[in-house]
Amino acid sequence: MDDINLHYRFRNWRRRIREIREVRAVRYRERLKRMLRDGDILRYHGNSDEVGCFVASRPLSKRNRYFEVTIVDTGVRGMIAVGLVPQLYKLDHQPGWLPDSVAFHADDGKLYNGNTVGQQFGPKCCRGDRIGCGISLDSEDGQLTVFFTKNGSEVGSVDIAASPDTLYPAVGMHSLGEEVLLDLNAEWGMEEDDGQMIVDSHEEDWARLHDVKVTGTLLEYVGKGKSIVDVGLAQARRPLNTRFHYYELEITDAGEKCYIALGLARRDYPKDRHPGWSRGSIAYHADDGKLFHGSGVGDPFGPRCFEGDVMGCGILFPRDFNLDGGDDADDWDVDMVPKPIAVQNDLYANNEDEEEEEEEGEEVDGRKVMVFFTRNGKVVGRREVALPVGGFYPTIGMMSTGEKVRVDLHPLSG
């Protein structure tokens, strides 16, 4: 009976994750026309008679409320627009021209608010200028304050009838040679009376941060990235439990090597060790698709992951599980994914021996749980592991310059 119940629960998990990913696949898809995107660079790709437009894959929100565009080249006429539009905005119109959209135009410094006739708003912008657009956190229900900036200074704001989740960052262009650098994860601070710069952050979600910078839900590696001791680590403040038992990250920038690891670890996990390398941890590594379980030797496990991929990790807890008490988890008898022959990974192997001595006294709860990993909504595999005392904490590692991930610690809540 326990075997049947476990498989039933696991099947429900996979269906729920698949449904969520299918909805997000439709909702979170960037759109562009007469433009080319190369990483964070957007270039006009038309004949100057027609508008080119880009609409981001995700709307602004209270967690990610601001973005910026740096003008790399004004082209022939510098007709570059930066603003917010509905998801299904017509891509042959500049942002701000159609209803329910608003934009600041670089060529004339005017604000276009759902109309092809603009209002004088701010200075014109040229090559090298940085144009920003964001939403105010103090907006009331039904009304949203949208503000614009130039080179870090606020130009002005406008109130519109909208909610944040209906407005998507957009960039418009209209002449040959126009090119911009897009930063959808830009920061914006507001001055308080004491002169301190306040930046919207989720640092309270994380108990430990080592060589990792937090901006909203975005984690960015800021370490040296020169050797295996230059690990950046982020560990959540709370362990997974029967209520919140799954989390995800999206690789927004793979950096130089995509040395990104997603997994679970004990609370006192070494800050300079990738998740999975040391005992009391397990992790799925993006760069080689291997599963590391308390060792520098990885097992072939799943596909490699790249920029844009979503990696997930969760726990299937036994029924009547209580983190503070015992249970009968050890009598599980399920069809497990066979453990492949260990394959040595030279990048991680050279300091495994010294870890053996370091962690001989590791405390283990004695109970076992089923840890599973996903990639883009599909279950990659699972592994039964011993639970450390205090539980398993969501833990993310990064190790090469430029790596960035966006984390959702509760994707299945609500």
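Residues numbered from 1 in each chain as written. Predicted model: local features only at pLDDT ≥ 70, side-chain atom pairs only at ≥ 80, totals over all residues. Heavy atoms only, no water.

Under an unreviewed UniProt entry, the name given to the protein chain is SPRY domain containing 3, and the organism recorded is Amphiprion percula.

**Q** Got a sec to walk through the sheet that holds strand 6 (residues 81-85)? Specific residues and values, please.
**A** The antiparallel open sheet is built from seven strands, whose spatial order is 1-4-13-6-7-8-9. Edge positions in the sheet fall to strand 1 (31-33) and strand 9 (119-120), since each has one partner strand and no second. Note that strand 1 and strand 4 (residues 52-55) share three bridges and pair antiparallel. Of the residues in strand 4, the one forming a bridge with Arg 31 is Val 55. (Pairing = 2+ DSSP bridges. Helix = DSSP H or I, 4+ residues; strand = E, 2+ residues; numbered from the N terminus.)

**Q** Provide a residue-level description of the pattern of salt bridges, including the pertinent values.
**A** Under the criterion given, the structure shown has 12 salt bridges. Its salt-bridge partner being Glu 250, residue Arg 58 comes within 3.3 Å of it at the nearest N-O pair. Of this pair, Arg 58 sits in the loop between strand 4 and strand 5 (66-74) while Glu 250 sits in strand 21 (residues 246-254), and the two are 192 residues apart along the sequence. Across the pair Asp 299 and Arg 383 runs a salt bridge, and its minimum N-O distance is 3.8 Å. Of this pair, Asp 299 sits in strand 25 (residues 297-300) while Arg 383 sits in strand 29 (residues 378-388), placing them 84 residues apart in sequence. Comparing Asp 299 with Arg 383 shows no difference in burial state: the two are buried. (Salt bridge = Lys/Arg side-chain N within 4 Å of Asp/Glu carboxyl O. Buried < 20%, exposed > 50% of the residue type's maximum accessible area, 1.4 Å probe, protein only.)

**Q** Report on the pairing of strand 11 (residues 144-150), specifying residues and quantitative values.
**A** Most of strand 11 is tucked away, with six of its seven residues classed as buried. Sheet analysis places strand 10 (residues 130-135) next to strand 11, joined by five bridges and oriented antiparallel. When the bridges of strand 11 are listed, Cys 133 appears paired with Phe 148. In the sheet, strand 11 pairs with strand 12 (residues 153-160) via seven bridges, with the strands oriented antiparallel. Residue pairing for strand 12: Thr 145 is matched across the bridge by Asp 159.

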